[in-house]
Amino acid sequence: CEHFAARLSLLETNTADRVEAAFRLTLGREPNPDELHDFVAYADQHGLENLCRVILNLNEFIFVN
């Protein structure tokens, strides 16, 4: 998560863009508006590294349909 957060920090300059990049890289899609709002708020409160942990533990990331 540390390395993923560092990569996102190099790619984008603001939290919303970092969340969108994280979704594209891990899930292959853009976040919907509710997800974007919630994940940006989470990252602002708990840090980008913790957000990466949450994304990498999403059911959608772990199980391929």
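Note that the structure is a prediction, hence the values are computed from the model and not measured. The numbering scheme is per chain: residues are counted from 1 as the chain's sequence reads. Per-residue local features of the predicted model are confined to residues with pLDDT of at least 70, and side-chain atom pairs are confined, for both listing and counting, to 80 or more; whole-chain, interface and lining totals are unaffected and use all residues. Working from all heavy atoms in the structure, the side-chain values ignore hydrogens and water.

Asker: Can you explain the environment of His 37? Please cite residues and give values.
Answerer: Going along the chain from the N terminus, every DSSP run of H or I of four or more residues is numbered as a helix, and every run of E of two or more is numbered as a strand. Counting through the fold element by element, His 37 comes out in helix H3 (residues 33–46). Under this definition, polar contacts are N or O atom pairs within 3.5 Å; protein pairs additionally need one hydrogen-donor-capable and one acceptor-capable atom, and for neighbouring residues in sequence, both atoms have to be side-chain atoms. Among the polar contacts made by the side chain of His 37, one reaches the side chain of Asp 38 at a distance of 3.4 Å.

Asker: Go over a nonpolar patch on the surface with me, naming the residues and quoting the values.
Answerer: A patch is a set of surface residues, each over 30% in relative accessible area and not in a salt bridge, joined within 9 Å for like charges and within 5 Å for the nonpolar side chains Val, Leu, Ile, Met, Phe, Trp and Tyr. We get accessible surface area from the Shrake-Rupley algorithm with a probe of 1.4 Å; when it comes to residues, only the shown protein chains can shield them. For this document, the term salt bridge refers to a Lys or Arg side-chain nitrogen within 4 Å of an Asp or Glu carboxyl oxygen. The grouping of Phe 61, Ile 62 and Phe 63 at the surface amounts to a nonpolar patch, some 310 Å² of accessible area in total. By the element assignment, Phe 61 lies in helix H5 (residues 59–62).

Asker: Residues and numbers for the packing of helix H2 (residues 15–27) against H3, please.
Answerer: Whenever a helix is involved, its axis is fitted only over the stretch in contact; in every case the axis is a line through C-alpha atoms, and angles between N-to-C directions fall within 0 to 180 degrees. Between H2 and H3, the least distance of the axes is 9 Å, while the angle of their chain directions is 115°. Our classification of the angle between H2 and H3 gives roughly perpendicular. As H2 packs across H3, the resulting crossing turns out to be right-handed. For the pair formed by H2 and H3, the contact residues are Thr 15, Ala 16, Val 19, Glu 20 and Phe 23 on the first element and Glu 35, Leu 36, Phe 39, Val 40, Ala 43 and Asp 44 on the second. For this classification, Asp, Glu, Lys and Arg are treated as charged, while Ala, Val, Leu, Ile, Met, Phe, Trp, Tyr, Cys and Pro are nonpolar and the rest, including Gly, are polar. Residues of the contact of H2 with H3, tallied by class, amount to seven nonpolar, one polar and three charged. Here is the rule for angles: anything less than 35 degrees is roughly parallel, anything more than 145 is roughly antiparallel, 65 through 115 is roughly perpendicular, and the remaining ranges are oblique. Helix crossings get a hand from a simple test, with the near helix turned counterclockwise from the far one by less than a right angle marking a left-handed crossing and a clockwise turn marking a right-handed one. What makes two residues a contact is simply this: any of their non-hydrogen atoms within 4.5 Å.

Asker: Which residues make up the confidence of the model for the protein, and what are the values?
Answerer: One confidence number per residue, pLDDT, is output by the predictor and ranges from 0 to 100. Taken over all residues, the pLDDT of the protein has a mean of 94, while the share at 70 or more is 97%. The secondary structure element of the protein with the lowest average pLDDT is H5, at 82, and the one with the highest is H3, at 98.

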